Amino acid sequence: MRNESLNHESVPAGLEQFVPPTSPATSGHAAGTLVDKYGRHITYIRLSITDRCDFRCFYCMAEEMEFLPRDHLLSLEECLRVIRTFVAMGVTKVRITGGEPLVRRNALWLLREAARLEGLKELVVTSNGSQLERYAAEMVEAGVKRVNISLDTLRADRFKAITRVGELDKVLRGIDAAVAAGFRGIKINTVMMRGVNDDEFIDLTRFAVAKGIDLSFIEEMPLGDIDRSRADTYFGSDEALALLRPHFELVGSSESTGGPARYWRIPGTRTKVGFISPHSHNFCDSCNRVRITCKGELYPCLGQNDALPLVPLLRAHPDDDAPLRQAIVDSMGIKPKGHDFNEQMHDPKVVRFMSMTGG
Ligand code: SAM
Ligand code: SF4
């Protein structure tokens, strides 16, 4: 979409929250800026391209999952159209996620096409690493700048227990392939769980240092109903930081990768250690993103249930992006001030698993 028709003199009714730039030259392309009702600028989307996964991590999915029929998913062409529309409205960073995005057939096609979009500065992927040995080099060639790889443990038996089916070796080979492929950034994501992997935070940090990559520790979020109480295994960022401090020199950093992590550098290494702390250091005030599920629902907030279905618009107006743009603008009006994960740890209300919304 080009939005030359939108200018300060004539902002169409309902598009007030889509603020065009003073001049296309200031933004480098004729895009505007999406602003929600709390004044937060939305510059980042996360798009889940599949709910399927080759793992069944016990904090993310039920053991027996019923996945969506394939014809309920956005086609890859529709995914590209959604991305293109957001980018034309000022989004500069897109994360492709899932489920496991790399198990979707032709995912590379989408990555290649998205990376070419004018105005998109950063195309990034979140992966469980299982397919990276095969795809890492192609992803870099396609234009993917960074990859986040999930790794909660370095012990093969524990890895199997957490993922229910995954092979640690395959993921470790995937991480090596990613390092060799030359991504601009690689980050390990570790979900912190008391009594499950809290005895490995030091080893995981050493691992990241040895590989010359970054690592983020994530507080577990109450997304989807699982067969244990998440409150029992909750492990907070401050405790993890205290656990690491005697073993690593950690120097606070103001760096940001456009996400909610707070970072610490380890001097003399290439590694940053980050903490994503939705419970203990709520970052909703600076939220800059919305999420789109693989079936085309636009969720303005990971932690709430309000969503706008995009598929009817996409399919009813195959050649006209205006209704899609309007829905995106409307979503700014329903983006809540924040999540309430702390209360939800005891009384979960978001029934979607992370694999559905896209992490
Ligand atoms: N399959 C890919 C992967 O595992 O990286 C991408 C999708 S996965 C849903 C994205 C991230 O969400 C992973 O780092 C995963 O560990 C994290 N995640 C899943 N469920 C979570 C939860 N309940 N709380 C916190 N993080 C979660
Ligand atoms: Fe799959 Fe990623 Fe969820 Fe694990 S965290 S089950 S790898 S989508």
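Since this is a predicted model, take the numbers as computed values, not measurements.

Student: Looking at this structure, I do not really get the pattern of salt bridges. What am I missing?
Tutor: Scanning all chains against the criterion turns up 18 salt bridges. Between Asp321 and Arg81 there is a salt bridge, and its shortest N-O distance comes to 2.7 Å. Taken together, the residues Asp321 in the loop between helix 10 (311-316) and helix 11 (322-334) and Arg81 in helix 2 (residues 76-88) connect sequence positions 240 residues apart. For Arg81, a relative accessible area of 11% gives the class buried. Note that Glu113 is salt-bridged to Arg116, the shortest N-O span being 3.0 Å. Of the residues examined, Arg116 reaches a relative accessible area of 58% and is grouped as exposed. One continuous salt-bridge network, built from bridges that share partners, spans Arg155, Arg158, Asp199 and Glu200.

Student: Can you help me understand the site of ligand 1 in this one?
Tutor: Looking at ligand 1, there are 19 residues lining it, with Tyr59, Gly99, Ser127, Ser150 and Met221 nearest. A distance of 3.1 Å separates a nitrogen atom of ligand 1 from a polar atom in the backbone of Gly99. At 2.5 Å, a side-chain N or O of Ser150 approaches an oxygen atom of ligand 1. Bound to the protein, ligand 1 loses 96% of the 540 Å² it would expose on its own. For the shell around ligand 1, the secondary structure elements donating two or more residues are strand 6 (122-127), strand 8 (185-192) and strand 9 (214-219).

Student: What is the right way to look at the site of ligand 2 in this model?
Tutor: Taken together, the residues surrounding ligand 2 are Cys53, Phe55, Arg56, Cys57, Cys60, Met61, Gly99 and Asn128. Within the shell around ligand 2, the residues separate by chemical class into five nonpolar, two polar and one charged.

Student: I would appreciate a short explanation of the packing of helix 7 (residues 201-211) against helix 9 (residues 237-244) in the present structure.
Tutor: A packed helix pair is summarised by two numbers, namely the angle formed by the two axes and the spacing between the axes. At their nearest, the axes of helix 7 and helix 9 sit 9 Å apart, and the two run at 70° to each other. Put simply, helix 7 runs roughly perpendicular to helix 9. Crossing of helix 7 over helix 9 shows right-handed handedness. Every residue of helix 9 that contacts helix 7 at Phe201, Ile202 and Thr205 is listed here: Ala240, Leu243 and Leu244. In the contact of helix 7 with helix 9, the residues fall into five nonpolar, one polar and no charged.

Reading guide: rules and limits
- Residues numbered from 1 in each chain as written.
- Chains lettered and ligands numbered in written order.
- Predicted model: local features only at pLDDT ≥ 70, side-chain atom pairs only at ≥ 80, totals over all residues.
- Heavy atoms only, no water.
- Salt bridge = Lys/Arg side-chain N within 4 Å of Asp/Glu carboxyl O.
- Helix = DSSP H or I, 4+ residues; strand = E, 2+ residues; numbered from the N terminus.
- Buried < 20%, exposed > 50% of the residue type's maximum accessible area, 1.4 Å probe, protein only.
- Near = heavy atom within 4 Å.
- Polar contact = N/O pair within 3.5 Å; in protein donor to acceptor, adjacent residues only side chain to side chain.
- Areas by Shrake-Rupley, 256 points an atom, 1.4 Å probe, with all protein chains shown as cover.
- Nonpolar A, V, L, I, M, F, W, Y, C, P; charged D, E, K, R; others polar.
- Axes fitted to C-alpha atoms, helices over the stretch in contact; angles between N-to-C directions.
- Parallel < 35°, antiparallel > 145°, perpendicular 65-115°, else oblique.
- Left-handed = near helix turned anticlockwise from the far one by under 90°.
- Contact = heavy atoms within 4.5 Å.

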